[in-house]
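Observations on chain architecture
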Amino acid sequence: MSSEIPASKKQKLDTKVIGTHNGTFHCDEALAVYMLRQTATYKDANLKRSRDPAVLDTCDIVVDVGGIYDEAKQRFDHHQRGFTEVFGNGFNTKLSSAGLVYKHFGKEIIASRTQLSIDDPKVHTLWLKLYEGFIESIDAIDNGISQYDTDVKPRYKIRTDLSSRVGSVNPAWNESVDPVHVDALFEKASAMTGVDFSDKLRGYANSWLPARDIVVESVKKSKAEVDPTGRIIVLSQFAPWKEHLFELEAEQGTTGTSLYVLYEDDTAHDWRISAVPVSLDRFGDRKSLPEAWRGVRDQELSKISGIDGCIFVHASGFTGGNKTYGGALAMAKAALEI
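Quick look at the structure, then. (Residues numbered from 1 in each chain as written. Predicted model: local features only at pLDDT ≥ 70, side-chain atom pairs only at ≥ 80, totals over all residues. Heavy atoms only, no water.)

Time to look at the environment of Ala 191. The residue Ala 191 is located in helix α7 (residues 179-225) in this model. On a C-alpha basis, the gap between Ala 191 and Ala 30 in space is 8.0 Å, while along the polypeptide they are 161 residues apart. (Helix = DSSP H or I, 4+ residues; strand = E, 2+ residues; numbered from the N terminus.)

Structure below.
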């Protein structure tokens, strides 16, 4: 008689178990569980929801409960007295269970999704960006950290953020609370967080990161071939550039240097010149196009500027156009001197 364990039963015995608390659930542990299931170690892991230490001790990893943060023991709670862990890398928001799991497992997940080596610099860049653009707000909301240092009453409430949407999946106060049903609702909420997480990562990897690459290379080439001072940047092709330019300047210690960005319009095939804004969240430019050009078009603009092929300059001076690259570059160089 064979004593060998059947493959199906052996697989079941080898299945990892994630532990978290039972009862009302929140976005942070729902997302933490989702992210863990995207790792090689906890892929397809089972889930136990309990506050009983004896039950949690049977789990391979525990999140958002237990009062312990210890990577070696695979325990990731943030509620205990004295917990002050933050993501670092310039981020100072106290972590929730989502942030803890992302801090330790995020690069693995990103590398797997993007098919890049975990040591690839792009993985590190995406790891930081996804924290800034997605995870940090979940950490802050779960820890009760206000977005602004102000007591001003908001004009309206936002209840469509992911944390609010997860909260709405919980049973209503006057519903019967069957633990099996609540566990099923938790799985629904965890899957919901996974959709948003995946969409954000996909957008950053497939759109945001390629745009950054274009800006980085364009800045380097422009300084070598167009304007050594870095005041005029020519994009090799159009891409969303403002955020990347600001971040690149901060990294290189050149904040405020770039004044104009040139790029070819993909539809009209003429060239645009855009003044670099003062900041990403304020109106106003570092150096708007000359006042005498604003609101003027075509031949009249060419006559005033002394540059052939002019198409327009916006009335506020933040952008303009020319029929050729040479004309747009001439506009930028002239604007620098006015």
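Pairing within the open sheet is mixed, and its 5 strands lie in the order β2-β1-β3-β5-β4. This sheet does not close on itself; its edge strands, each paired only once, are β2 (46-49) and β4 (69-70). Two elements, β4 and strand β5 (residues 75-76), share 2 bridges in a ladder whose sense is antiparallel. Within β5, the residue paired with Asp 70 across the bridge is Arg 75. Where α7 meets the sheet, its contacts fall on β1 (17-20) and β2, and the angle it forms with β2 comes to roughly 125°. (Pairing = 2+ DSSP bridges. Contact = heavy atoms within 4.5 Å. Axes fitted to C-alpha atoms, helices over the stretch in contact; angles between N-to-C directions.)

Relative placement of two packed helices is described by the angle separating their axes and the distance separating the axes. The interhelical angle for the contact between helix α5 (residues 121-142) and α7, taken along N-to-C directions, is 125°, at an axis separation of 10 Å. In terms of orientation, α5 and α7 fall into the oblique class. As α5 runs across α7, the sense of the crossing is right-handed. Between α5 and α7, the residues in contact are Lys 122, Thr 125, Leu 126, Lys 129, Leu 130, Gly 133, Phe 134 and Ile 135 and Thr 193, Asp 196, Phe 197, Lys 200, Leu 201, Tyr 204, Ala 205, Trp 208, Leu 209, Arg 212 and Asp 213, respectively. (Parallel < 35°, antiparallel > 145°, perpendicular 65-115°, else oblique. Left-handed = near helix turned anticlockwise from the far one by under 90°.)

A positive phi angle is found at Asn 89, which is not glycine, with a value near 55°. Mapped onto the elements, Asn 89 comes out in the loop between β6 (86-88) and β7 (91-94). Residue Asp 298 is not a glycine yet carries a positive backbone phi of 50°. Following the sequence through the fold, Asp 298 ends up in helix α9 (residues 298-305).

Here we take up the sheet that holds strand β8 (residues 232-234). Spatial strand order, β8-β9-β10-β14-β13: 5 strands in an open sheet with mixed pairing. With partners counted over all chains shown, the strands left at the sheet margins are β8 and β13 (310-313), one partner each. Adjacent strand axes in the sheet meet at a mean angle of 20°, parallel and antiparallel pairs treated alike. In this structure, β8 lies alongside strand β9 (residues 260-264), joined through 3 bridges in parallel fashion. In the strand pairing of β9, Val 234 is matched with Leu 262.

Further remarks concern the pairing of strand β12 (residues 282-285). Two elements, strand β11 (residues 277-279) and β12, share 2 bridges in a ladder whose sense is antiparallel. Within the sheet, the bridge partner assigned to Pro 277 lies in β12 and is Asp 285. Here β11 folds back onto β12, and the loop between the two strands holds 2 residues.

Our focus in this paragraph is the packing of aromatic side chains. What the rule picks out here adds up to 16 aromatic pairs. On the numbers, 5.0 Å between centres and 55° between planes, the contact of Phe 238 with Tyr 263 is tilted. Taken together, the residues span a long stretch of sequence, with Phe 238 in the loop between β8 and α8 (242-252) and Tyr 263 in strand β9 at a distance of 25 residues. If you follow Lys 107 out to its NZ or CZ, it ends over the ring of Trp 127, 4.5 Å from the centre. (Phe/Tyr/Trp six-rings, centres within 6.5 Å; stacked < 30°, edge-to-face > 60°. Lys NZ or Arg CZ within 6 Å of the ring centre and 35° of its normal.)

Another aspect to go through is helix α2 (residues 27-36). In terms of residue burial, α2 counts as a mostly covered element, since 10 of its 10 residues are buried. Restricting attention to buried positions, one finds in α2 the residues Cys 27, Asp 28, Glu 29, Ala 30, Leu 31, Ala 32, Val 33, Tyr 34, Met 35 and Leu 36. (Buried < 20%, exposed > 50% of the residue type's maximum accessible area, 1.4 Å probe, protein only.)

This structure, assessed with the given rule, holds 13 salt bridges. Across the salt bridge formed by Arg 212 and Glu 247, the nearest N and O atoms sit 3.7 Å from each other. Taken together, the residues Arg 212 in helix α7 and Glu 247 in helix α8 connect sequence positions 35 residues apart. Classification of Arg 212 by relative accessible area gives buried; the value is 12%. When the shortest N-O distance is used, the salt bridge between Asp 265 and Arg 272 registers 3.4 Å. Residue class for Asp 265 comes out buried when judged on its relative accessible area of 14%. Look at the salt bridges and you will find they share partners, linking Lys 129, Glu 132 and Glu 243 into a network. (Salt bridge = Lys/Arg side-chain N within 4 Å of Asp/Glu carboxyl O.)

Note that every value here comes from positions in space, so none of it alone points to a role or purpose.
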